[in-house]
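# Inside the fold
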Amino acid sequence: MTGAPASAAGGTGRRPAPGAKLGAAAVNQASLWNIANILTMVRLVLVPGFVLLLLADGGYDPVWRAWAWAAFAVAMITDIFDGHLARTYNLVTDFGKIADPIADKAIMGSALICLSWLGDLPWWVTGVILGRELGITLMRFWVIRYGVIPASRGGKLKTLVQGTAVGMYVLALTGPLASLRFWVMAVAVVLTVVTGLDYIRQAVVLRRLGLEAERAAK
């Protein structure tokens, strides 16, 4: 070290240009518009469109139901890709953390409620699935000070089976396929309950370990 001020040593201590901070802020703001967040926004926009298509003409027209299924399928596909892109290319943002789960629950919740309202799906099925999703979300916030509960393989499988089952109910299926969708939904409900109980177990363990660590630190 020479003891010379940074401004005298090669000019490394020069004050930033007047617009430097504004430029950095612009870059940070622009990062919101990455491909992962755009896919999440598309999924949010699809929700009202999906509902309108599903309920069009009384909700029982096979053509409108097919269009509703297409919108639902696009939403499910974007759900797969936006998270993968965000993690792979470091595109995770605060907006994405909040909007992604909201978009997931909005499309699935609207589908379940509409199907039950049309009489295609028992209300207790909708209640079990939505109750589980809301409960796990609240539980994550309850233990977030101690850590984050990662998505398990069972949870990912649950999401896949749920999406498949709901998609089959959105379509106006008849015959063997109509019977098949009942069993696919049954599997989805079982996975919903089992994975929900597992998340509760993880939350209890995480909270206990966190409390023990806090007591040990005192």
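In case you missed it, the structure is sitting above this.
Summary of the structure given here. Keep in mind that what you see is a predicted model, and the values were worked out from it rather than measured.

On to the pattern of salt bridges, then. Evaluation of the coordinates by the stated rule reveals 8 salt bridges. Taking the shortest distance from any N to any O, the salt bridge between Asp104 and Arg43 comes out at 2.7 Å. In this pair, Asp104 is assigned in helix H4 (residues 94–117) and Arg43 in helix H2 (residues 35–55), connecting sequence segments 61 residues apart. Of the two residues, Asp104 and Arg43, neither departs from the other in class, the shared state being buried.

Turning our attention to the side chain of Thr195. Locating Thr195 in the fold gives a position in helix H7 (residues 176–217). If sequence neighbours within four positions are ignored, Thr195 has contacts with Arg132, Gly154, Gly155 and Lys158.

Below, the discussion takes up unusual backbone geometry. Positive phi is not limited to glycine here, since Asp57 has a value of about 55°. Inspection of the secondary structure puts Asp57 in the loop between H2 and helix H3 (62–88). Residue Asp57 is classed as exposed on the basis of its relative accessible area of 58%.

Time to look at the packing of helix H5 (residues 123–143) against H7. Between H5 and H7, the least distance of the axes is 10 Å, while the angle of their chain directions is 20°. Judged by the inter-axis angle, H5 sits roughly parallel to H7. Here the hand of the crossing between H5 and H7 comes out left-handed. For the pair H5 and H7, contact is made by Trp124, Val125, Val128, Ile129, Arg132, Ile136, Met139, Arg140, Trp142 and Val143 and by Met185, Val189, Thr192, Val193, Thr195, Gly196, Tyr199, Ile200, Ala203, Leu206 and Arg207, respectively. Residue composition of the contact of H5 with H7, by class: 15 nonpolar, 3 polar and 3 charged.

Criteria and thresholds
Residues numbered from 1 in each chain as written. Predicted model: local features only at pLDDT ≥ 70, side-chain atom pairs only at ≥ 80, totals over all residues. Heavy atoms only, no water. Salt bridge = Lys/Arg side-chain N within 4 Å of Asp/Glu carboxyl O. Helix = DSSP H or I, 4+ residues; strand = E, 2+ residues; numbered from the N terminus. Buried < 20%, exposed > 50% of the residue type's maximum accessible area, 1.4 Å probe, protein only. Contact = heavy atoms within 4.5 Å. Axes fitted to C-alpha atoms, helices over the stretch in contact; angles between N-to-C directions. Parallel < 35°, antiparallel > 145°, perpendicular 65-115°, else oblique. Left-handed = near helix turned anticlockwise from the far one by under 90°. Nonpolar A, V, L, I, M, F, W, Y, C, P; charged D, E, K, R; others polar.

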